[in-house]
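A closer look at the structure
Here is how the chains run, residue by residue.
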Amino acid sequence: MTANVYDLRSGETHGLSTLALELLHLLDTGVTAEPAMVSTLAEVLHGADLAVDQVRDEIRRLQRIGLVEIAR
């Protein structure tokens with residue numbers, strides 16, 4: 001599953017992957033810690049080791065296109 005998301009702030013439309021949609025859902029429900037995201041998605045991402053890299057990469061992409069801001 002993929003989706004197109006229109007960003008009202010920037011006026012841009014972004015094509016999002018299934019992982020991006022899941023991460024946005026987790027963020028929307030209050031799951032903001034990366035370890036919690038990885039733990040939640042590890043099974044569908046074929047284990048925690050692969051999930052860590054995939055979650056980090058997708059969060060960076062979402063930050064780069066301006067759809068999320070993660071405070072560090």
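Here's what I pulled together on the structure shown here. (Residues numbered from 1 in each chain as written. Predicted model: local features only at pLDDT ≥ 70, side-chain atom pairs only at ≥ 80, totals over all residues. Heavy atoms only, no water.)

Turning our eyes to something else, we now look at the pattern of salt bridges. Scanning all chains against the criterion turns up 4 salt bridges. For aspartate 7, the salt bridge identified is with arginine 9, shortest N-O distance 3.6 Å. The exposure class assigned to arginine 9 is exposed, which follows from its relative accessible area of 65%. (Salt bridge = Lys/Arg side-chain N within 4 Å of Asp/Glu carboxyl O. Buried < 20%, exposed > 50% of the residue type's maximum accessible area, 1.4 Å probe, protein only.)

A few words now on helix H2 (residues 34-41). Every buried residue of H2 is accounted for by Met37, Val38 and Leu41. Buried residues in H2, looked at end-on, bunch into an arc of 95°, giving them a common side. Residues of H2 that are exposed and point more than 90 degrees away from the buried face comprise Pro35 and Ser39. (Helix = DSSP H or I, 4+ residues; strand = E, 2+ residues; numbered from the N terminus. Arc of directions from axis to C-beta.)

This paragraph deals with the side chain of histidine 14. Position of histidine 14 among the secondary structure elements: in strand S2 (residues 12-16). Taking the relative accessible area as the measure of exposure, histidine 14 reaches 8% and is therefore buried.

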